[in-house]
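Listed below are the residues making up each chain.
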Amino acid sequence: MGAKIAIVGAGPSGCYTAQALLKRAPDLEIDIIDAQPVPYGLVRYGVAADHQGTKGVARQFARLFTRQNARFHGNLRLGHHITLPDLRRAYDVVVLATGLAGDRALGIPGDGLPGVIGSGALTRALYEHPDAAALPSLGAHPVIIGTGNVAIDVLRLLAKTPDELHGSDLGPAPTDWLAAQEIRQITVVGRSRASAARFSPVMIKELAELSRVDLRLRFPDDAEALNTAVAATSGPLPVDFRFESRPVALEQVDGALRLTVETPAGPEQISASSVISAIGFVCDGALDRAALLQEADAAPPGNLYTAGWFRTGSVGAIPQCRDEAQALAVEILDRITPDVTKPGRAIFAAHKSIVDFDHWQRLDALELSSAPGNRCRQKITCREELLNPATHEDA
Ligand SMILES: Cc1cc2nc3c(=O)[nH]c(=O)nc-3n(C[C@H](O)[C@H](O)[C@H](O)COP(=O)(O)OP(=O)(O)OC[C@H]3O[C@@H](n4cnc5c(N)ncnc54)[C@H](O)[C@@H]3O)c2cc1C
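What you see is a predicted model, and the numbers here were worked out from it, not measured in a lab. (Residues numbered from 1 in each chain as written. Predicted model: local features only at pLDDT ≥ 70, side-chain atom pairs only at ≥ 80, totals over all residues. Heavy atoms only, no water.)

### Remarks on the pairing of strand 7 (residues 142-145)
And step 1. Covered by surrounding structure in strand 7 are P142 and I144 together with V143 and I145, the residues of both alternating faces.
And step 2. The sheet contact formed by strand 7 and strand 14 (residues 274-277) spans 4 bridges and is parallel. Looking at the pairing, P142 lines up with S274 of strand 14.
And step 3. By the bridge criterion, 3 bridges tie strand 7 to strand 8 (residues 186-189) in an arrangement that is parallel. When the bridges of strand 8 are listed, I144 appears paired with V188. (Buried < 20%, exposed > 50% of the residue type's maximum accessible area, 1.4 Å probe, protein only. Helix = DSSP H or I, 4+ residues; strand = E, 2+ residues; numbered from the N terminus. Pairing = 2+ DSSP bridges.)

In structure tokens, the structure reads:
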């Protein structure tokens, strides 16, 4: 067919969309563009450091570039280095799969106080994203708001002993940071009943296997996985699950944060050294998501599409990205009308700072070979070194 498709975002949605398209039409010219010099989005910078099995999907995505002829154009940010009209002029189809990198605000008084941290910002810092802010101090009693899998990921990382992080790709600085927090208690707050919480039972089972935790439930319920975990744990680190607790306000009192929640027993207050919100993600403001969704809706059929978290909001894990990508590929191929005059990737010729997949393979090899014995990878962390691996090699 020879049609040209630009996919913006090399996370699971972008990669699965390319994979599904190339499976059906191997002669498509597919260019995957990412703002970062490295591919795979949240597989690298969101999925927990100790869940290497999940990160294994990256090996499958790599085949896109090594065997299926897709091209990676890293370090190319839509809205900064290139505009959407440029891409739409150059390609038969553009797919926006840029994810959602902003933390949804709690939306209660005090949610901007110092010590209130978004789980996205925290995990980006923990997993050494080049644009992440510094790791914050959490203090002895962090409170996590939210009971989805991201909340449980954060909880598990905070509760693990150094030995329990063996085999992960957590870097040396985040490892030292975790050890320095001296956390003595963790509270998890959620609005729903325990049996309606959004975490997967397997995530709770994993918590129950940690040596330090002592899981407790404020309002008992028939949540089977949680009840089993509560009965199985008796470590020195209390982890209080407070379901049916709707956050209504945050205040700073005597150097600590005070969270007020509405519960079936009336309002209650929880003292916290820090508050981590894990209640979903929104667009970080770099792109105008609402306008782009509208533009895609209004575009002629077979021209501009949105995919993944950027399209659906922050619901769904990696397998859902794959299912949606397969449906999207069918839709695109049904409607695409190739135009041989479109220049495609030739429009990137002037962008000398773009990095390609060979560049990533070099970084990947360096990261794997420099991993210490108790880690599977040591990430290169700063953008300058990501762009110039020789700097890292010589260091
Ligand atoms: C902390 C966390 C842990 C998770 N753990 C799991 C898990 O264990 N298992 C699981 O199945 N799911 C997990 N998920 C969910 C999973 O990560 C998402 O379902 C999936 O990553 C969404 O894919 P995406 O491609 O839509 O977005 P992303 O993965 O966010 O990819 C978007 C890509 O777009 C790029 N981009 C953004 N803006 C631009 C721009 N302007 N120009 C060019 N490129 C741009 C980004 O750099 C990124 O590479 C987790 C999510 C989070 C936040």
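Back to the text.
### What to know about the domain arrangement of the chain
And step 1. Once the domains are mapped, the chain shows domain 1 (4-101 + 283-387) and domain 2 (103-278).
And step 2. Relative placement of domain 1 and domain 2: their C-alpha centres are 31 Å apart.
And step 3. Each partner contributes residues to the interface: domain 1 has 24 residues there, and domain 2 has 23 residues.
And step 4. Summing both partners gives a buried area of about 2100 Å² for domain 1 against domain 2, and 46% of it is carried by carbon and sulfur. (Domains from an automatic or database assignment. Contact = heavy atoms within 4.5 Å. Buried area = accessible area lost by both parts, 1.4 Å probe.)

### Overview of the pairing of strand 4 (residues 93-96)
And step 1. Side chains of strand 4 alternate between two faces, with V93 and V95 and V94 and L96 buried alike.
And step 2. One ladder, built from 4 bridges, connects strand 1 (residues 4-8) with strand 4; its direction is parallel. Opposite I7, over in strand 4, you have V95 as the bridge partner.
And step 3. The sheet contact formed by strand 4 and strand 16 (residues 304-306) spans 3 bridges and is parallel. Paired with V94 across the bridge in strand 16 is L304.

### Here we look at the sheet that holds strand 12 (residues 256-263)
And step 1. Taken in spatial order, the 3 strands of this open sheet run 11-12-13, and their pairing is antiparallel. Each edge of the open sheet is held by one strand with a lone partner, namely strand 11 (246-253) and strand 13 (266-272). Ignoring strand direction, the axes of neighbouring strands in this sheet form an average angle of 25°.
And step 2. As judged from the 7 bridges shared by strand 12 and strand 13, these two strands associate in the antiparallel manner. Paired with L257 across the two strands is A272, which belongs to strand 13. (Axes fitted to C-alpha atoms, helices over the stretch in contact; angles between N-to-C directions.)

### With respect to the packing of aromatic side chains
And step 1. A complete count under the given rule lists 9 aromatic pairs for this structure.
And step 2. Plain terms: the ring middles of Y91 and F348 are 6.4 Å apart, the flat faces sit at 35° to each other, and that makes the pair tilted. Placement of Y91 in the loop between helix 5 (84-90) and strand 4 and of F348 in the loop between helix 13 (318-335) and helix 14 (357-369) is noted, with a sequence separation of 257 residues between them. By the burial criterion, Y91 is buried, and F348 matches it.
And step 3. With 5.7 Å between their ring centres and 5° between their planes, F241 and F243 make a pair best called stacked.
And step 4. Judged by relative accessible area, F243 falls into the buried class, the value being 0%.
And step 5. Taken together, the aromatic side chains of Y16, Y40, F61 and W360 make up a single cluster linked through ring pairs.
And step 6. Taking the ring centre of Y127 as reference, the NZ or CZ of K55 above it sits at 5.8 Å.
And step 7. Positioned above the aromatic ring of F310 is the side chain of R289, whose terminal nitrogen or guanidinium carbon lies 6.0 Å from the ring centre. (Phe/Tyr/Trp six-rings, centres within 6.5 Å; stacked < 30°, edge-to-face > 60°. Lys NZ or Arg CZ within 6 Å of the ring centre and 35° of its normal.)

### Looking at the site of the ligand
And step 1. Near the ligand there are 32 residues, and of these S13, D34, L78, G316 and I318 occur at the shortest range.
And step 2. At a separation of 3.3 Å, an oxygen atom of the ligand approaches a polar backbone atom of P12.
And step 3. Between the ligand and S13 there is a distance of 2.8 Å, counted from an oxygen atom to a side-chain nitrogen or oxygen.
And step 4. Alone, the ligand offers 1000 Å² of accessible surface; in the complex the protein occludes 89% of this.
And step 5. Sorting the residues of the shell around the ligand by element identifies helix 1 (12-24), helix 7 (149-159), helix 12 (308-312) and helix 13 as the ones contributing at least two each.
And step 6. Broken down by element, the residue count for the shell around the ligand peaks at 3 residues, all from helix 13.
And step 7. Residues of the shell around the ligand, tallied by class, amount to 17 nonpolar, 12 polar and 3 charged.
And step 8. In terms of domain composition, the shell around the ligand takes at least three residues from each of domain 1 (4-101 + 283-387) and domain 2 (103-278). (Near = heavy atom within 4 Å. Polar contact = N/O pair within 3.5 Å; in protein donor to acceptor, adjacent residues only side chain to side chain. Areas by Shrake-Rupley, 256 points an atom, 1.4 Å probe, with all protein chains shown as cover. Nonpolar A, V, L, I, M, F, W, Y, C, P; charged D, E, K, R; others polar.)

### Thoughts on the side chain of T175
And step 1. Tracing the chain through its elements places T175 in helix 8 (residues 172-180).
And step 2. A distance of 2.6 Å separates a polar side-chain atom of T175 from the backbone oxygen of G171.
And step 3. With residues up to four places along the chain from it excluded, the contact list for T175 reads L170 and R375.

### Points about the packing of helix 1 against helix 13
And step 1. In the contact formed by helix 1 and helix 13, the axes pass within 8 Å of each other and the chain directions differ by 45°. When the axes of helix 1 and helix 13 are compared, the pair comes out oblique. The handedness of the crossing between helix 1 and helix 13 is right-handed. Seen from helix 1, the contacting residues are P12, S13, Y16, T17, A20, L21 and R24; seen from helix 13, they are I318, C321, R322, A325, Q326, L328, A329, V330, I332 and L333. (Parallel < 35°, antiparallel > 145°, perpendicular 65-115°, else oblique. Left-handed = near helix turned anticlockwise from the far one by under 90°.)

### Describing unusual backbone geometry
And step 1. Phi at N69 is positive, roughly 75°, even though this residue is not glycine.
And step 2. Structurally, N69 is set in the loop between helix 4 (57-66) and strand 3 (71-74).
And step 3. Owing to a relative accessible area of 60%, N69 belongs among the exposed residues under this scheme.
And step 4. Despite not being glycine, E128 has its phi angle at roughly 60°, a positive value.
And step 5. Residue placement: E128 occurs in the loop between helix 6 (119-126) and strand 7.

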